[in-house]
Amino acid sequence: MSWWRRLITGSRMDQELDAEVRFHFDLLVAEKVRSGVSEDEARRRTRLEFGGLEKVKENCRESRGTMWVASVLQDIRFGLRQFQSNPGVTFVAVLSLALGIGATTVVFSVIYAVLINPYPYKGADRMVHVHVLDGTAFLTDLLLSSTQFQQFKNDRVLDGAIAVDKETMATGGDLPESVSAGYLSSNAFDVFGVPPVLGREFSEVDTQDALHPANVIVLAYPYWKAHYGGSADVIGKSLELDHANYTIIGVLPKRFAWWPTSDVYLPLRFSSDPNRTAMVFARIKPGVTYPGAQAELQASINELAKQTPDRYPKDFKIQLVPLNDIFVGSFAGTLFVLLGAVGLLLVIGCANVSILLLARGASRQHELAVRAAIGASRTRIVRQLLTESVVLSLAGGTLGIALAYVGVGMVARLLPSHTFPGEASFQVNLPVLFFATSIAILTGVIFGLWPAFHFSNPQLNAVLQASSRKLAGSVGSMRTHRVLIAGQVSLILVLMAGAGAAVRSLYQLIHAPLGYDPNNVGCITISLRDGAFMHWENRVTYYDQLRQKVGSTPGILSVAIAQTFLPPVSRYATSAEIRGSIGGSKLLTLQEVSAEFFPTLRIPLLGGRLWTKYETLHGAHVAVINLAMAKHYWADKDAIGRMIHVDALGSQTTWALAAPGNDGWVQVLGVVGDTPNNGLSDPVSPAIYVPYTLALSDGVDLVMRTRGDPLNYIRAIREKIHAIDADQTTSEVTTAEQRLDSEALSGERFIATVFLSFGFLGLALGAVGLYSVVSYVVSQRAHEFAIRMALGAGRAHVICMVVRSFAMALAIGGGTGIAASLALNKFLRQWIDGNVRDPLMLSAVILIFLSVVIVSSLIPARRASGIDPMQLLRTE
Amino acid sequence: MRTSLRSDLPQGTLDLLVLRIVALGPIHGYAIAQRIQQISRDALQVQQGSLYPALHRLEYKKFLAAEWAESETGRDAKFYRLTPKGRAQLKRETESWARLTEVVGLILQNPQGETP
């Protein structure tokens, strides 16, 4: 006997009670023996007088007021013994509950973290990005100069606005490290309302002089952890950046990750130069609608635009985009589909528990009848069943809660980072955990009590007089079983079809033709210091010097310069005008690269020619277009020689230098193959490649093809770059394959993984459920089968009978499930790439499903045919 | 005459009798039953089925305390004794019993109450 069992029996009290009563009993016997009765007779009489030792003891326990506890403990002990004698059923029931609870909570917690409450900022649901749209739906962020911003932020529909900018800075010391710096207008922390974890944030006090704000700096949480070990005495220390010293005044909390997500935040140096602009975010006042605010801001920005008309497109429209729309976008739908899937899993789990408990309850009719016959009251029986169900449900619930906590951490790691804002904090959502746990426990309790409900109309005699404990299941309970099984089967098929579609779509993406070779291609970002190389020629020379120097590294096969992202995504879309074409401006994907970009990525030239290195260095007004563009605008006619005006080129800004004589017009020299520029699942957009020198940015990427893994070259590359400029900072090397994975595949992989695991969990639960029900039916009808076999029925016939009793339920459930999947296809396709109606996938799903069903029902059915009729009938 | 008065004993009377017997000194269950029987001259025979629940109830209410000690037969038995709380309870119960019997007696002896 283990220690805890002794603890819950309270056996010491029982032993004492026993000794006390027995003492009395023995004295009475002795008394009778003294008066001349035989010992046996004395015992008999005493026992009659006493009226049952157990009864007396029971009354004593009751009079102590511990009866309730004792009987509950007794029931728990009995329940545990029941579970021990039937470990399979117990295990499956507990696991079904746990999986349902765990999975539902995890998915909802993720949805809560990503969609419902992702931001720590005050009034985050009213915070907006301010976009400027031109006629072609080409959008830019609103940029304002200092004076414009002062006007804008006091607009009467706004509850605060902030201006931001970003830069990469270098630390001091022998090996300068690059630090991403976010510049925030001095009112920013007032607007955010997120208190620091340490020290203070900067405010208007630090920026009395807008041009030369105090040299104060606030650290982001991850930077503080990584570089200062999270030490509290960091406040007041100084940090050297770009040869200037800044005093650290505070550390931001973990969840602060405002765009631009940076290592450090500094007050924005906002000079009154009208060309010095910064990006603007706003928070609208409570109670103001988006359209209302949009109309109001349109009017006030129209006013501002009159001061600098060249910075705004003609007839521009202001569009307010809520914070979360930027990050999550279409992923929201996917998450809700997942919530639906996980809801199915919870229902399947609960159905499983009901099936198992119903089966067990039916087989206990006899036991309950015996209990009732020897005097157990109905409430006592209900209490016993209730205790057992609660114990079972609590076990499932506890495990479920544990799963939820483990699962949330796992999903947070698995979730592709571009699908959620950095502020999101993944935590188990307690209300939902509570909800799912309650549902699961309620299911367990209701179905655990079922035998008791059924018992309200006890035909005690019928139950007891049946010669066998194996009753043929009542028609009613079989009908419940069949309905539950059919429902469960259909839900499982829906889940599996969803999983199949997600997997197939991932497979197709992985095997999609890319149009370029991402193998052994790496990319490193070079950012200029603020105000460095402000002349076009100098900048061109500097960049090309870096390119050549890096290209001289042994093992680096070719190097190109790009002001765009590597496929499968692009950085810009721009409006453009095609000479001689009607219909006004067009939307094009703009790719600013050097001529080496095409051979480096192995993008094939399909017609015409590429521009030369000479043309790159002189900012020639030339372009190459992709096949999609050639097909879209010129069909089979020749695109080469056409003139295109690219609106995004040709206007000088503080960060991009236009080439001399650049008026935005370029001539098409050639056509290259398509590479994905909207991710892998969307069609390739028309794209135009121009020399990056036409609008020279303050940061470029060096794209290189290497021998072997590009990550091995980071040291060599940095040495080469520092040989030219010791202060030049560089990013880490990322590879084209990583890009491909994080930008395009990780979302699909996430969905496929989650759906697949849900599908298999559902299938496994269903299989075990079916197995236990068939086993139960076999054991209930063993007597009948024995008679049939004794009378000459064959084994196959018996197996057939067992299978037939469920075939209908399975067929109906299967049919409904497939029909439901097909019907849901349209709905699902909005959020999940992939097609439920894919016949190959659907037949694979049905095949897997059928084989699992056959195996899980045939194993117990075979047992029926293994019955030895003579032996069984003799024991009865 | 050996009459079992178990069902005739008013509710709570057994508790009072047990407290009264235990007040005489530490005593075990068997002896309590014997003593009640003796004192009542066999008029009351306490059922074990009522005695032990009563003892446990009184112990639970802390009117009685119990400890195991060697009995006259040499076997260990559970001896009950009165606690201060039990003594107070005994006093209260005895008074209220006396009052009750007095009042009941008054009513029964009143000729006006006699039914014709």
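Just so we're clear, the structure is a prediction, and the values are computed from it rather than from any experiment. (Residues numbered from 1 in each chain as written. Chains lettered and ligands numbered in written order. Predicted model: local features only at pLDDT ≥ 70, side-chain atom pairs only at ≥ 80, totals over all residues.)

A. Focus on the overall build of chain B. When helices and strands are counted, chain B shows four helices and three strands. The linear arrangement of helices and strands in chain B, starting from the amino end, is α-β-α-α-β-β-α. The proportion of buried residues among the 116 residues of chain B is 28%. The long-range share in chain B, meaning contacts at least 24 apart out of those at least 6 apart in sequence, stands at 52%. (Helix = DSSP H or I, 4+ residues; strand = E, 2+ residues; numbered from the N terminus. Buried ≥ 20, exposed ≤ 12 C-beta atoms within 10 Å, placed from the backbone. Contact = placed C-beta atoms within 7 Å.)

B. Geometry of the nonpolar core. Residue and element names in this part refer to chain A. Among the nonpolar cores identified, the biggest contains 166 residues, and L345, I485, A623, I625, I688 and F758 are the most heavily contacted of them. If one sorts the elements of this core by residue count, helix α23 (residues 736-780) sits on top with 19 residues. Residues lining this core come from more than one domain, with at least three contributed by each of domain 3 (331-511 + 743-875) and domain 4 (521-707). Not counting the four nearest positions on each side in its chain, A623 is found in contact with I644, V666, Q667, V668, L669, I688, Y689 and V690. (Core = buried A, V, L, I, M, F, W, Y, C linked by C-beta atoms within 7 Å. Domains from an automatic or database assignment.)

C. How the structure looks around the pairing of strand β10 (residues 264-267) of chain A. Residues and elements named next belong to chain A. Burial along β10 is two-sided: the face carrying V264 and L266 and the face carrying Y265 and P267 are both buried. Bridge analysis of strand β5 (residues 178-184) against β10 gives four bridges, and the strand direction is parallel. Note that in β10 the partner of L184 across the bridge is P267. Sheet topology places strand β7 (residues 216-219) next to β10; two bridges connect them, and they run antiparallel. Looking at the pairing, L219 lines up with V264 of β10. (Pairing = 2+ DSSP bridges.)

D. Representation of the sheet that holds strand β2 (residues 64-70) of chain B in the model. All names here are of chain B. Taken together, three strands build an open sheet; the order of strands is β1-β3-β2 and the sheet is antiparallel. With partners counted over all chains shown, the strands left at the sheet margins are β1 (27-28) and β2, one partner each. With seven bridges connecting them, β2 and strand β3 (residues 76-82) associate as antiparallel partners. In the sheet register, E70 faces β3, and the bridge partner there is D76. With respect to the sheet, helix α1 (residues 13-22) is in contact with β1, β2 and β3, its orientation differing from that of β3 by roughly 100 degrees. (Axes fitted to C-alpha atoms, helices over the stretch in contact; angles between N-to-C directions.)

E. The arrangement of the interface of chain B and chain A in detail. Listed per partner, the contact involves twelve residues of chain B and 14 residues of chain A. The set of elements that each furnish at least two residues to the side of chain B that touches chain A consists of α2 (29-39), α3 (48-60) and β3 of chain B. If one sorts the elements of the side of chain B that touches chain A by residue count, α3(B) sits on top with seven residues. Partitioned by chemical class, the residues of the side of chain B that touches chain A number five nonpolar, four polar and three charged. (Nonpolar A, V, L, I, M, F, W, Y, C, P; charged D, E, K, R; others polar.)

F. Examining the packing of α1(B) against α3(B) more closely. Residue and element names in this part refer to chain B. At a closest axis distance of 10 Å, the pairing of α1 and α3 adopts a crossing angle of 75 degrees. Taken as axis vectors, α1 and α3 run roughly perpendicular relative to one another. Of the residues in α3, those in contact with L14, D15 and V18 of α1 are S50, A54, L55 and L58. Taken together, the residues of the contact of α1 with α3 sort by class into five nonpolar, one polar and one charged. (Parallel < 35°, antiparallel > 145°, perpendicular 65-115°, else oblique.)

G. View of the packing of α23(A) against helix α26 (residues 839-865) of chain A. Residues and elements named next belong to chain A. The geometry of α23 relative to α26 is characterised by a closest axis approach of 8 Å and an angle of 20 degrees between their N-to-C directions. As far as their axial angle goes, α26 and α23 are roughly parallel. Every pair of crossing elements has a handedness; the one defined by α23 and α26 is right-handed. Only V852, V853, S856, S857, I859, P860, A861, R863 and A864 of α26 make contact with α23, whose side of the interface consists of L763, A767, L770, Y771, V774, S775 and V778. Residue classes in the contact of α23 with α26 are distributed as twelve nonpolar, three polar and one charged. (Left-handed = near helix turned anticlockwise from the far one by under 90°.)

H. Structural view of helix α4 (residues 84-109) of chain B. The first and last C-alpha atoms of α4(B) sit 37 Å apart over 26 residues, in line with the 38 Å expected at 1.5 Å per residue. For α4(B), the tally of buried residues reaches only two of 26 residues, placing the bulk of the element at the surface. (Expected span 1.5 Å × (residues − 1).)

I. Just the pairing of strand β11 (residues 277-284) of chain A, in detail. All names here are of chain A. With seven of eight residues buried, β11 is to be regarded as a mostly interior element. Relative to β11, strand β1 (residues 127-133) runs antiparallel, the two sharing three bridges. Among the inter-strand pairings, V128 is bridged to a residue of β11, identified as A282. Pairing analysis gives three bridges linking strand β3 (residues 143-145) to β11, with the strands arranged antiparallel. Following the sheet pairing, L144 is matched in β11 by A278. Pairing geometry for strand β4 (residues 158-170) and β11, over five bridges, is antiparallel. Along β11, the bridge assignment pairs V164 with M279.

J. Geometry of helix α18 (residues 536-551) of chain A. Residues and elements named next belong to chain A. The terminal C-alpha atoms of α18 lie 22 Å apart, and with 16 residues this matches the ideal 22 Å at 1.5 Å per residue to within 8%. When we look at burial in α18, the residues that qualify are V540, Y543, L546, R547 and V550. The buried residues of α18 occupy an angular sector of 130 degrees when projected down its axis, which confines them to one face. Close packing links the buried residues of α18 with β13 (521-527), β14 (556-562), α20 (613-617), β23 (695-697), β24 (699-706) and α22 (714-724). (Arc of directions from axis to C-beta.)

K. How the structure looks around unusual backbone geometry. Residues and elements named next belong to chain A. Cis rather than trans, the peptide bond between P567 and P568 has omega equal to 10 degrees. Relative to the helices and strands, P568 is located in the loop between β14 and β15 (572-578). For H243, which is not glycine, the phi torsion reads 65 degrees and is therefore positive. Along the chain, the position of H243 falls in the loop between β8 (238-241) and β9 (244-251). Of note, F533 is a non-glycine position whose phi angle comes to about 50 degrees, a positive value.

L. Quick look at the environment of A:D838. Residue and element names in this part refer to chain A. Position of D838 among the secondary structure elements: in the loop between α25 (795-829) and α26. With 16 residues separating them along the chain, D838 and L822 place their C-alpha atoms 9.8 Å apart. With residues up to four places along the chain from it excluded, the contact list for D838 reads A501 and R504.

Read these as geometric descriptors, not functional statements.
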